[in-house]
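The primary structure of each chain is shown beneath.
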Amino acid sequence: MRRTVFNEDHEAFRETLRAFIEAEVVPVYDEWFAAGQAPREFYYKLGELGIFGINVPEEFGGAGLDSHKFEAVLYEETARAGVQFGGSGVHVLLALPYIKMLATDEQKKRYLPKFVSGEEMWAIAMTEPGTGSDLAGMKSTARLSEDGTHYVLNGAKTFITGGVHADRVIVCARTAAPTAEDRRHGISLFAVDTTSEGYSVGRKLDKLGLKTSDTAELAFVDVKVPVEDLLGEENKGFSYLGHNLASERWGIAFGAYAQAKAAVRFAKQYVQERTVFGKPVAHFQNTKFELAACQAEVDAAEAVADRATEALDAGELTPAEAASAKLFCTEVAHRVIDRCLQLHGGYGYMNEYPIARLYADNRVNRIYGGTSEIMKTIIAKDMGL
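First, a word on scope: everything that follows refers to the structure included in this document. Computed from a predicted structure; not experimentally measured.

What follows deals with the environment of D338. As for its placement among the helices and strands, D338 is situated in helix α10 (residues 319–343). As for D338 and Y359, which are separated by 21 residues in sequence, their C-alpha atoms are 6.9 Å apart.

Viewed as axis vectors pointing N to C, helix α8 (residues 245–273) and helix α11 (residues 354–362) meet at an angle of 160 degrees, and their least axial separation amounts to 10 Å. Classified by the angle between their axes, α8 and α11 sit roughly antiparallel to one another. Where α8 crosses over α11, the two elements pack in a sense that is left-handed. Across the interface between the two elements, Q259, A262, A263 and F266 from α8 touch P354, I355, L358, D361 and N362 from α11. A class-by-class count of the residues in the contact of α8 with α11 yields 6 nonpolar, 2 polar and 1 charged.

Right, let's get into the pattern of salt bridges. Taken as a whole and assessed by the stated rule, the structure comprises 24 salt bridges. Notably, a salt bridge pairs D30 with R357, separated by 2.9 Å at the nearest N-O pair. Here the residue D30 occupies a position in helix α2 (residues 29–35), and R357 occupies one in helix α11, the gap between them amounting to 327 residues. Look at R357 and you get buried, because its relative accessible area is 13%. Notably, a salt bridge pairs E310 with K69, separated by 3.1 Å at the nearest N-O pair. One end of the pair, E310, is in helix α9 (residues 285–313); the other, K69, is in helix α4 (residues 69–81), and 241 residues separate them in sequence. Several salt bridges converge on common partners, so that one network encompasses R3, E11, R14, R18, E76, E77, K261, E302 and D306.

Where α8 meets α9, the closest approach of the two axes is 9 Å, and the angle between their N-to-C directions is 155 degrees. It follows that α8 is roughly antiparallel to α9 by the angle criterion. Along this stretch, α8 crosses α9, giving a crossing that reads as left-handed. Here S247, W250, F254, Y257, A260, K261, V264, A267, K268 and V271 of α8 come into contact with α9, specifically with T287, L291, C294, Q295, V298, A301, E302, A305, D306, A308, T309 and L312. For the contact of α8 with α9, a count of residues per class yields 14 nonpolar, 4 polar and 4 charged.

So, about α11. Judged by how many residues are buried, α11 sits mostly within the fold: 7 of 9 residues are covered. Buried positions along α11 lie against α2, α8 and α10.

Let us now look at a nonpolar patch on the surface. On the surface, a cluster of nonpolar side chains totalling about 370 Å² of accessible area is made up of Y347, Y349 and M350. Within the secondary structure layout, Y349 lies in the loop between α10 and α11. A residue is classified by how much of its surface remains accessible, and Y349, at 70% relative accessible area, is exposed.

On to unusual backbone geometry. The residue F159 is not glycine, and still its phi comes out positive at about 60 degrees. If you check the backbone angles, D222 has positive phi at about 50 degrees while not being a glycine. Within the element layout of this structure, D222 appears in strand β7 (residues 215–226).

For L230, the position within the fold is in strand β8 (residues 230–231). Linking L230 and R249, residues 19 residues apart in sequence, is a C-alpha distance of 26 Å. Aside from chain neighbours lying at most four places away, what touches L230 is Q107, Y151, S188, L189 and F190.

Before going further, it helps to examine the packing of aromatic side chains. Considering all chains together, one arrives at 16 aromatic pairs under this definition. Geometrically, the ring pair formed by Y29 and W32 is tilted, given 6.0 Å between the ring centres and 55 degrees between the ring planes. Residue Y29 and its partner W32 are located together in helix α2, separated by 3 residues, close to a single helical turn. Residues Y29 and W32 agree in their burial class; the two are buried. Seen from their ring centres, Y111 and W122 are 5.0 Å apart, and the 75 degrees between their planes marks the pair as edge-to-face. Separated by 11 residues along the polypeptide, Y111 in helix α6 (residues 105–117) and W122 in strand β1 (residues 122–125) bring together distant segments of the chain. For the pair formed by Y111 and W122, the shared burial category is buried. Here a set of aromatic residues connected by ring pairs shows up, and it is made of F20, Y29, W32, F42, Y43 and F85. Against the face of F6 rests R14, its NZ or CZ located 5.3 Å from the ring centre.

Here we take up the nonpolar core. By size, the foremost hydrophobic cluster in this structure holds 93 residues, and its most contacted members are V25, F42, F85, L189, W250, V336 and C340. In terms of residues, this core owes the most to one element, α8, which gives 15 residues. Apart from the residues within four sequence positions on either side, F42 is in contact with F20, V25, W32 and F85. Counting residues in each nonpolar core, the second largest holds 18 residues, with I160, A166, V171 and L218 among its members.

Here strand β3 (residues 150–161) pairs with β7 via 9 bridges, running antiparallel. Across the sheet, L153 pairs through a bridge with V223, a residue of β7. Sheet topology places strand β6 (residues 199–204) next to β7; 4 bridges connect them, and they run antiparallel. What sits directly across from Y199, in β7, is F220.

Parameters and conventions
Residues numbered from 1 in each chain as written. Predicted model: local features only at pLDDT ≥ 70, side-chain atom pairs only at ≥ 80, totals over all residues. Heavy atoms only, no water. Helix = DSSP H or I, 4+ residues; strand = E, 2+ residues; numbered from the N terminus. Axes fitted to C-alpha atoms, helices over the stretch in contact; angles between N-to-C directions. Parallel < 35°, antiparallel > 145°, perpendicular 65-115°, else oblique. Left-handed = near helix turned anticlockwise from the far one by under 90°. Contact = heavy atoms within 4.5 Å. Nonpolar A, V, L, I, M, F, W, Y, C, P; charged D, E, K, R; others polar. Salt bridge = Lys/Arg side-chain N within 4 Å of Asp/Glu carboxyl O. Buried < 20%, exposed > 50% of the residue type's maximum accessible area, 1.4 Å probe, protein only. Patch = residues over 30% accessible without salt bridge, like charges linked within 9 Å, V, L, I, M, F, W, Y side chains within 5 Å. Areas by Shrake-Rupley, 256 points an atom, 1.4 Å probe, with all protein chains shown as cover. Phe/Tyr/Trp six-rings, centres within 6.5 Å; stacked < 30°, edge-to-face > 60°. Lys NZ or Arg CZ within 6 Å of the ring centre and 35° of its normal. Core = buried A, V, L, I, M, F, W, Y, C linked by side-chain atoms within 4.5 Å. Pairing = 2+ DSSP bridges.

So, in structure tokens, the structure goes:
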């Protein structure tokens, strides 16, 4: 079946990106993996390549496009090469939509040129120790000073992707107490400068997968945040957080499909080269059947991912559709990657093989952005159940 989601511009971008990955990432990726993060200077290279500015208006140094298809190409190409671009995904997929949606013209002039160049890397801090997905239960506070010039931020966050290298972090904090009627009331969003006094990065967390993505704990002790860095209106932060869930879940869904596709590629190559009992592993019927079944699942996931991409670009991807795409693609990836690892035998358990890293990287897809169980709840509610 011929794909129609990408055009000549996307394919030209794919060629450029593939060459960049082969030259700048693959030769040093083992070093990044051992260090547990990509080097900060790598993000300047992504800025020079134009990765960060695709969906940024031209007046701020971007390409002025309004499409997620270039991000989709990036997901496919990084998965194909068995690499990750560190914590930079949060910079574009999560942080940028909030800047575009909430920032004033003055804020955009300050934030976006440095965002595009990679001079300022962004992250977003929602989750707190002990609260997990219950964002309404957050304890971090931001109190307006008596002279009204700044907020005083106190609290802690955890599981913050990109948190080590971030230059600015969108921090969710309480500016008012919850009410008896609405415990979500009183949350606001701030673009916090990480060089501020009282701001500190705690542990760089040791994760099962996504080893090159810096994930950290953050702490705020009397951090002064200028009122000019409030994003959107005070106390309306919780409503803002729901606006970008569809695009976030699309990104996870498409990334999972791309990982599943890459797993089949890795397994096919391995079984054609690996010999047992005097024959390539690919010659055995079980190998053929396993890979054929995996390919069929990848084909289905590709169709779902492509359909979701078109809907997202058209502004028509509903929360339930995004949840369905995420649930399906992440569950397919789970099954396919596991079966492809099995075909590698003992070597599949070794981190020197991309399938092993892919297996670990993929596991979080069914957790972050909303667990598979939450996705089922959203879909069931949309069904009227």
